[in-house]
Amino acid sequence: MKRPLKKLPTRLFLLLAAFLLFSFLSNDFGLVDIQKTAIILAAGIDRTETGYEVTAQIAVPAPSQGGSGGSTSGVNIRGEGETVAEAIAQIYSETGWVPKLIFCDLILIGEETAKTDVFSFLGFFLRNEYMSDNCLLALCEGKAGDMLSSPSAIDQTSSFAMEKLFSDAAEKSGYVANTTLKDFAIGYYGVSGSGFMPFIRALKQSDGGAQSGSGEESAGGGQTKEQKLVYTAEETAVFSEGAFVALLNRDETFAYKLLCGSVFAGNFTVETDGGTVSLNVFKNDGSAELDKTATRAQLSVDIRARVYDKSAPSDVGEITQSEILPSAVAKNAERRVEEMILSLWDKCTQADCDLFSLARQLYRRDLPLYKEKGGLVLSDLTPSVKVNVSGIR
């Protein structure tokens, strides 16, 4: 009687191991059948008279020219419906491919589409359990479908070329303001009711440099050949209550990123008596604070920088001591940054967009005062700007 009991643990262990092995080998490991599934890399949203047009950029494996490996190219498929869900369902009904949003890294919104509350369609992506909250959002010039369908000079897939604009290095330069679906939703549903997205433009290459264009140029014999485009995202679209209300230029975007304290290795130019000087930001701290009476906004920026380049010849000693910032250059830099910050403030005030989250500060700090004021309006505040620029050592 004792002998079978001794073997019982071993038998149970073998049965458990067999069960786990069977479960492991019978799993599909989340593999996706590329022949039956539309893996959406990016989605472009445009409004129509009856609803929405969704342009889905779908990944299609493409063999490399050498035959040793493969790459991915994008195919654009459009669907229309009264809602985004209906438009995506139309893509399935017309192609037989099941749309998968789990790999969607970019939602591109057309310029006209964003002039009314964008959460009339972004809510679909928030509700979708397979959609990543870290998906990038961007506004584009013209129609989103046309932008996704434009030929890129950087990558076979236009969405991949656009996503390169939002790298960590680009954001640290201070001239690109990235946002995700999650961050934009937090701003929209918060007390400030404001948010931002990078604004993408398509530029065609010419002998004189990059120019805005549609990607077509005339060729011999009256034919039109397709010209590949590059993209830029150094402007920022700001939103109030979900609607596109203003566009920040390059300098205003840089000022906003300085206030966020997120600029590292970014460059900006300063005019001096000795010519134009380019400064490289080594360290940056910034803040936007509301005073206790909720009547003044303190906008502070501290920059440590070095001389990166000059438009005039420099002696050897000056080049070797670039980390020491001359006082005249520092004062001119402080004036220039202050002008950029005030320009940013004026644009946000005119658009009634609390990009600085000052209303949230008041709501969290003094709820009775917030209720007494009935919220916070930027035009009721007096801005106070403090900028300090110094050398690295």
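Quick summary incoming for the structure in this document. (Residues numbered from 1 in each chain as written. Predicted model: local features only at pLDDT ≥ 70, side-chain atom pairs only at ≥ 80, totals over all residues. Heavy atoms only, no water.)

1. Regarding the environment of Tyr92
Right, so step 1: Its place among the elements puts Tyr92 in helix H2 (residues 84-95).
Right, so step 2: You can call Tyr92 partly exposed: its relative accessible area is 44%.
Right, so step 3: For the pair Tyr92 and Ala38, spaced 54 residues apart in sequence, the C-alpha to C-alpha distance is 8.4 Å.
Right, so step 4: Leaving out residues up to four positions away in the same chain, Tyr92 has contacts with Trp97, Val98 and Pro99. (Helix = DSSP H or I, 4+ residues; strand = E, 2+ residues; numbered from the N terminus. Buried < 20%, exposed > 50% of the residue type's maximum accessible area, 1.4 Å probe, protein only. Contact = heavy atoms within 4.5 Å.)

2. Examining the state of the cysteines
Right, so step 1: What the rule picks out here adds up to zero disulfides.
Right, so step 2: Unpaired in this structure, Cys135 has its nearest cysteine sulfur neighbour in Cys104, at a distance of 4.4 Å.
Right, so step 3: In this structure Cys353 is a free cysteine whose sulfur lies 5.1 Å from that of Cys348, the closest cysteine sulfur available.
Right, so step 4: Taking relative accessible area as the criterion, Cys353 reaches 0% and is therefore assigned buried. (Disulfide = S-S within 2.5 Å.)

3. Some thoughts on the nonpolar core
Most often, soluble globular proteins keep nonpolar side chains buried together rather than apart.
Right, so step 1: Formed by 51 residues in total, the largest nonpolar core has its most connected members in Phe268, Leu279, Ile341, Leu344, Leu355, Phe356 and Leu358.
Right, so step 2: Sort the elements by how many residues they give to this core and helix H10 (residues 327-351) lands first, with 10 residues.
Right, so step 3: Once you skip the residues sitting within four places of it in the chain, Leu355 turns out to touch Ser194, Gly195, Phe196, Val238, Leu248, Tyr256, Leu344 and Cys348.
Right, so step 4: Grouped together as the second largest cluster of nonpolar side chains are 36 residues, Phe119, Phe121, Leu122 and Leu181 included. (Core = buried A, V, L, I, M, F, W, Y, C linked by side-chain atoms within 4.5 Å.)

4. Points about the packing of aromatic side chains
Right, so step 1: Counted under the stated rule, the structure contains 14 aromatic pairs.
Right, so step 2: Taken together, a centroid distance of 5.8 Å and an interplanar angle of 5° make the contact between Phe119 and Phe184 stacked. Of this pair, Phe119 sits in helix H3 (residues 119-127) while Phe184 sits in helix H7 (residues 181-189), placing them 65 residues apart in sequence. With respect to class, Phe119 is no different from Phe184; both count as buried.
Right, so step 3: Seen from their ring centres, Phe196 and Tyr256 are 5.4 Å apart, and the 65° between their planes marks the pair as edge-to-face. Note that Phe196 is positioned in strand E7 (residues 194-206) and Tyr256 in helix H8 (residues 250-260), a separation of 60 residues in sequence. (Phe/Tyr/Trp six-rings, centres within 6.5 Å; stacked < 30°, edge-to-face > 60°.)

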